[in-house]
Amino acid sequence: MRENMKMTELLAPAGNLEKLKIAVHYGADAVYFGGREFSLRAQAGNFSEAEMKEAVQFSHLHGTKAYVTINIFAHNRDMKKIPEYVKWLSEIGVDAFIISDPGIFRTARAIAPDIPVHVSTQANTTNLESALFWKNAGAGRVNLARELSLEEIRDIARSCQMEVEVFVHGALCISYSGRCMLSLYMTGRDANQGACAHPCRYRYALQEEKRPGIYFPVEEGDRGVYIFNSRDLCLINRLPELVEAGVSSLKIEGRMKGLFYVAGVVRAYRAALDWLMEYMDSEERQDAKLPVVPERFMEELKLLGSRGYTENFLDGPPGREDMLYQGGNAQQQFSPAAVVVEAGDRPLLRVGHILRPGDRLEYMERGLGVTPFEVLEIRDREGRKVRQALGGDIVTVTTEPEIQWEEWAVIRRRQT
Ligand code: SF4
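What this report covers is the structure whose coordinates are included nearby. (Residues numbered from 1 in each chain as written. Predicted model: local features only at pLDDT ≥ 70, side-chain atom pairs only at ≥ 80, totals over all residues. Heavy atoms only, no water.)

1. With respect to the overall build of the chain
Looking only at helices and strands, one finds twelve helices and 19 strands in the chain. Per-residue burial over the chain gives 52% buried out of 416 residues. Here the analysis covers contacts within the chain between residues at least 6 apart in sequence; of these, 68% occur between residues at least 24 apart. A total accessible area of about 19700 Å² is found for the chain, and carbon and sulfur atoms account for 48% of it. (Helix = DSSP H or I, 4+ residues; strand = E, 2+ residues; numbered from the N terminus. Buried < 20%, exposed > 50% of the residue type's maximum accessible area, 1.4 Å probe, protein only. Contact = heavy atoms within 4.5 Å. Areas by Shrake-Rupley, 256 points an atom, 1.4 Å probe, with all protein chains shown as cover.)

Right, here's the structure in full:
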C-alpha cells in the first residue's frame, strides 16, 4: 500500500483559469479542463487557446499535470478539425487527453502517440474486459464508471495493468454518467453535450389532461416528489481502501462548481491523503489493518454545502437513504469573500461579495487550518481608502492579525 500511496494522484476540476490556479494552490496533483470546442461541460466557462497555454504553463510551473478533455461524441464534421486540435494540444505540452469517443481516441493515438490518453467516464467502463480493450487500444488510464463496488474496482485495478481513476467526490448523475435525455427533452439543454440542467432534481407533481394549471401533489415526502434526486458522492472516509485497491487517481467532479467548492474540496482531500501518507510511515501503523480516517476531513467537507453525502455503489447498489426524495440541501456554512490574486509586497484581493472594514473573515490555509481575522482598512488599486468594496473589485486590505497572503488562497465568510 505504501507504494500505491506514492502514486495516488489527486485530480481536480478546473472550470476556468482562476479555479485551476486555486486547485493547484490547494494541492491538486493534476487538473482537468476543456477547450471551447470538443469538450463536455458547455456551461463550465471552457478555456480559450491563450488560457489553455497559460493553464498548462502555470500547472507545470507548480509541478501539477494538466489534462485536457476532448470528450464529446463526435460527428464527421467534428472529426475534420480534431487532428489539428490534437496536434496543437501536444505542442503546448498537455500531459494527457481525456477521451470517450473511439474515433477521437484513434486520431489522438495516431497524431500524438507520446501523449497518454485517459478514457473518460463517458465511456462507462464497468468491467475488466472493457478496461483491457482500452489498454490494448493504447489507453494509459481508464476512469471507471461510478456504478462499481470497491470489490469490482479492486479486481479491475489489480488486473488491467494500466492506471485506474475513480471519482471520489461531487454531484452524481442517476443515469450512466450523463447518458440521459431528460434535460434535452425538458429544457433543450443536452446532458450529452455537457449542458445538463439537472431536471432529475426538480420537484414534480401530477396534472390531469383537462385541468391545466391544477397540480395534484404526489406525497412521497411532505415537500413533494423528487424522483431521482441523488445525494452527492463523498468517498473521503474510504481513501485507505481505494489506495489499497490500487487506484492511481482520485478524481473530484465539478467543473461547473464555484471556486469555494474547488478550494474546500481540494484542500480537504489533499489533507486526508497527506494524513494517510504520514500514517503509513508512522509507528502506530499496524501492517494488516487499514486505518480509520479521522472525522475532521469529513467535518470540513460538510461546511461546503451539498445535497448530503453518499458512498454510492462502493458497498453495493445505493438504497433510499442515498437519495433525497424529500428535497433539501445541507446548507453551505461559508461563502467566498475574496481570492488573493497577487501576493508579494502589495497583495491584491479580488472581492467576492461586498467587503467592509469591521468584517470578520477566515483565511483558508493549505491543509485544514484557517486564520480568523478582522478587516481594518480597504484601499483600491490606486491606494485610495474606500468605505467598502463590491464584488469583482481589486483591493488591498489591512487586517488584524496581519495575514501572510499566498497567491490563489481563498478567504471565506461565515453565513449568518
Ligand atoms: S438530468 Fe439528472 S440523470 Fe439526466 S444527465 Fe442530468 S444529472 Fe444525469
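Past the structure itself, the notes keep going.
2. Here's the deal with a nonpolar patch on the surface
There is a patch of nonpolar side chains on the surface, built from Tyr185, Met186 and Tyr202 and spanning about 370 Å² of accessible area. Among the secondary structure elements, Tyr202 is positioned in the loop between helix H9 (182–187) and strand S8 (206–207). Assessed through its relative accessible area of 33%, Tyr202 is described here as partly exposed. (Patch = residues over 30% accessible without salt bridge, like charges linked within 9 Å, V, L, I, M, F, W, Y side chains within 5 Å. Salt bridge = Lys/Arg side-chain N within 4 Å of Asp/Glu carboxyl O.)

3. A look at the pattern of salt bridges
One pass over the full model with this rule turns up 29 salt bridges. A salt bridge links Glu9 to Arg141, with the shortest nitrogen-to-oxygen separation between them at 2.9 Å. Remark: Arg141 occurs in strand S6 (residues 141–143) and Glu9 occurs in strand S1 (residues 9–13); sequence separation between them is 132 residues. Of the two residues, Glu9 and Arg141, both sit in the buried class. With a closest N to O distance of 2.6 Å, Arg238 and Glu311 form a salt bridge.

4. What to know about the environment of Ser306
Within the secondary structure layout, Ser306 lies in the loop between helix H12 (295–302) and strand S12 (309–310). Ser306 gets classed as buried once you look at its relative accessible area, which sits at 11%. Residues Ser306 and Gln332, 26 residues apart in the sequence, show an inter-C-alpha distance of 7.2 Å. In this structure the side chain of Ser306 is engaged in a polar contact, spanning 2.9 Å, whose partner is the backbone nitrogen of Gly308. (Polar contact = N/O pair within 3.5 Å; in protein donor to acceptor, adjacent residues only side chain to side chain.)

5. With respect to the packing of aromatic side chains
A complete count under the given rule lists seven aromatic pairs for this structure. Considering the side-chain rings of Trp275 and Tyr279, the 5.8 Å spacing of their centres and the 35 degrees angle between planes classify their relative orientation as tilted. Of the two residues, Trp275 and Tyr279 are both situated in helix H11 (residues 259–281); the distance of four residues between them amounts to about one turn of the helix. Exposure remark for Tyr279: the relative accessible area of 12% places this residue in the buried category. The interplanar angle of 75 degrees and the centroid separation of 5.5 Å between the aromatic rings of Tyr363 and Trp405 together place this pair among those described as edge-to-face. (Phe/Tyr/Trp six-rings, centres within 6.5 Å; stacked < 30°, edge-to-face > 60°.)

6. Thoughts on the environment of Gly170
Position of Gly170 among the secondary structure elements: in strand S7 (residues 163–170). Taking C-alpha positions, Gly170 is 9.0 Å from Tyr309, a pair spaced 139 residues apart along the chain. In contact with Gly170, other than residues within four places in its own chain, are Asp232, Leu233, Glu253 and Tyr261.

7. Examining the pairing of strand S13 (residues 334–342)
Taking burial as the measure, the nine residues of S13 include seven buried ones, the bulk of the element. With five bridges connecting them, S13 and strand S19 (residues 410–414) associate as antiparallel partners. Bridge pairing in S19 links Ala338 to Ile411. As paired elements, S13 and strand S14 (residues 348–351) share four bridges and run antiparallel to each other. Residue Val339 lies in a different strand from S14, and its bridge partner there is Arg350. (Pairing = 2+ DSSP bridges.)

8. Some remarks on empty space enclosed by the protein
Summed over all chains, the structure comprises two cavities of 30 Å³ or more. Estimates place the volume of the second largest cavity at around 100 Å³. Lining the second largest cavity are 13 residues; nearest its centre among them are Arg146, Leu148, Ile153, Phe167 and Leu235. (1 Å grid on protein atoms, 1.4 Å probe; cavity = no way out; pocket = protein on both sides within 12 Å on 5 of 7 lines; lining within 4 Å. Points joined across faces, edges and corners; volume = space filled by probe spheres on them.)

9. A closer look at the packing of helix H5 (residues 82–92) against helix H6 (residues 102–111)
H6 packs onto H5 with a crossing angle of 50 degrees between their chain directions and a minimal axis gap of 9 Å. Overall, the two elements H5 and H6 adopt an arrangement that is oblique. Where H5 crosses over H6, the two elements pack in a sense that is right-handed. Facing Ile82, Pro83, Val86 and Lys87 of H5, the residues of H6 in contact are Ile104, Thr107, Ala108 and Ile111. For the contact of H5 with H6, the class distribution of residues is six nonpolar, one polar and one charged. (Axes fitted to C-alpha atoms, helices over the stretch in contact; angles between N-to-C directions. Parallel < 35°, antiparallel > 145°, perpendicular 65-115°, else oblique. Left-handed = near helix turned anticlockwise from the far one by under 90°. Nonpolar A, V, L, I, M, F, W, Y, C, P; charged D, E, K, R; others polar.)

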